[in-house]
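Remarks on the overall topology
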Amino acid sequence: MKTIRRLVYWEILYAGAFVILGFLSLFFFFDLVEEIESLGRYTATGYTLTHALTYVSLLIPTHLYELMPIAVLIGTIFVMARLAQSSEFTILRTSGLGPWRALRSLLILGLGFVMFTFALGDYISPIADRTAQLLKARYTGRITVGQTGAWLKERQDYGQYAVNVGQLASDGVLHDIRIFEFDNRGFLSSMMRAQSASVSDDESWQLTQVSRTEFPPAGATTVGIDRTQMETLRWPNHLSAEMVSAALLKPERMRTIDLFQYIQHLQSNAQAAQRYEIEFWKKVFYPLSCLVMVVLALPFAYLHFRSGSITTYVFGGVMAGISFFLLNNVFGYIGNLQNWQPWLTAAMPGMIYSVVSLMAFGWLVLRR
């Protein structure tokens, strides 16, 4: 049995690596063509072809994470169909490779793909994508969201704050900071403007070039407004660098633990967290789709044909993989709009394909 597993595993790994290489080459070419346009636009700032190649290369882990289930499906379908076409799988069946043993062997390989996909999406891809975005921001301008930047909310015992971050520089420094302080009754008590801020490890921001305006309490007899100028100011809060990055960068590129902490922060401050909850559960369930793909590919080994090309079956695998990718994105948007349960929204595409794969396995393998 070890020899059979070694044979099938190496064939699938080789085919999957070939599929991944083809897809990544295609994405690399498209990204590079898009970056060539930026070369002429930002030449004056020092953005060269080397920087463009580095930026595009740093996007490869993200593309690899997104392509893993599709590559696993196509590679496994190709191997299973080729073994069936050459009657090798029939020989393996007569040697004692039953349907459940074959399924169990593929599930073991699928668990390896799951662990690799999780490590890729939770550790390698977020670091590479953040590095890529900050590298490009160094030459093309700072990272910003919309016209006013990103808005965050911070609740403390003596009041609450609305924080506006205008831009994020390539070195991680925040620029164009506005902090609005409200008392427990919801009235504006003070406003601070800072030219820049750096996030410290002790849950505080070090503000520079600060202008603070204090307003009188509601119902006070005095109407004076106090203005203060300060070179630096330490502002204690619970807004970490990851939370600011979550507001300025794409949530699907964050680590699972960072998404969870950001969701807890949003919920504790009575803010909507539906979008980030869906992304969190997608991060949890997406690696498991590799298991679904190997189960979906197994029935192709039980197809009876001795001549002809397996191109049709590989093309069917490509279409199935693309449809899974599209369905995963569509369910995310619909679940956010319709306020569905986040875990159900993220798990639904995998559940649908699991049912389809098990039905195909039962019909082609067990019943026939």
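Anyway, here's the lowdown on the structure attached to this text. Not measured: the values here are computed from a predicted model.

Describing the nonpolar core
Formed by 53 residues in total, the largest nonpolar core has its most connected members in Ile12, Met80, Phe89 and Leu298. If you list the elements that add at least two residues to this core, you get helix 1 (2-41), helix 3 (60-85), helix 4 (88-94), helix 5 (99-140), helix 9 (289-297), helix 10 (311-338) and helix 11 (342-367). At 14 residues, the largest contribution of residues to this core is made by helix 3. The residues contacting Met80, other than those within four sequence positions of it, are Val8, Ile12, Phe89, Leu106, Ala297, Leu298, Phe300 and Ala301. Leu152, Tyr161, Val163 and Ala194 belong to the second-largest nonpolar core, a separate cluster that totals 27 residues.

Regarding the packing of aromatic side chains
For the structure shown, the criterion picks out nine aromatic pairs. Where Tyr65 meets Tyr286, the ring centres are 5.1 Å apart and the plane angle is 50 degrees; that geometry is what we call tilted. A residue pair is termed long-range when its members are at least 10 positions apart, and Tyr65 in helix 3 and Tyr286 in the loop between helix 8 (274-285) and helix 9 qualify at 221 residues. The exposure class assigned to Tyr65 is buried, which follows from its relative accessible area of 10%. Here Tyr286 falls in the buried class, since its relative accessible area comes to 9%. By the ring-pair criterion, three or more aromatic residues cluster together here, those being Phe260, Phe280, Trp281 and Phe285. It is Arg275 that lies over the ring of Tyr276; its NZ or CZ is 5.5 Å from the centre. The residue whose ring lies beneath Lys283 is Tyr65, and the NZ or CZ to ring-centre distance is 5.1 Å.

Quick notes on the environment of Tyr276
Checked against the element boundaries, Tyr276 lands in helix 8. For the pair Tyr276 and Ile263, spaced 13 residues apart in the sequence, the C-alpha separation amounts to 6.5 Å.

Re the environment of Thr228
Tracing the backbone through its elements, the reader meets Thr228 in strand 6 (residues 226-236). A relative accessible area of 34% places Thr228 in the partly exposed class. A C-alpha to C-alpha distance of 8.1 Å links Thr228 and Val210, two positions 18 residues apart in sequence. With residues near it in sequence (within four places) discarded, Thr228 still touches Val210, Ser211 and Arg212.

Calculation criteria
Per chain, residue numbering runs from 1 following the sequence as it is written. Given that the model is predicted, a residue must reach a pLDDT of at least 70 before its local features are reported, and side-chain atom pairs must reach 80 or more before they are shown or counted; all residues, however, enter totals for whole chains, interfaces and linings. To obtain the side-chain values, all non-hydrogen atoms of the structure were included, while hydrogens and water were left out. What is meant by a nonpolar core is a set of buried Ala, Val, Leu, Ile, Met, Phe, Trp, Tyr and Cys residues, joined one to another through side-chain atoms within 4.5 Å. For each residue, the accessible area found with a 1.4 Å probe, counting protein chains only, is set against the maximum for its type, and the residue is called buried under 20%, exposed over 50%, and partly exposed in between. Runs of E in the DSSP output that reach at least two residues are strands. Runs of H or I that reach at least four are helices, and both are numbered from the N terminus. We call two residues in contact whenever any of their non-hydrogen atoms come within 4.5 Å of each other. A pair of aromatic rings is counted whenever rings of Phe, Tyr or Trp (Trp by its six-membered ring) have centres within 6.5 Å, and the orientation is called stacked for planes under 30 degrees apart, edge-to-face for over 60 and tilted otherwise. Remark: a charge is flagged as sitting over a ring if the NZ atom of Lys or the CZ atom of Arg is within 6 Å of the ring centre and within 35 degrees of the ring normal.

The values reported here are purely geometric and, on their own, carry no functional implication.
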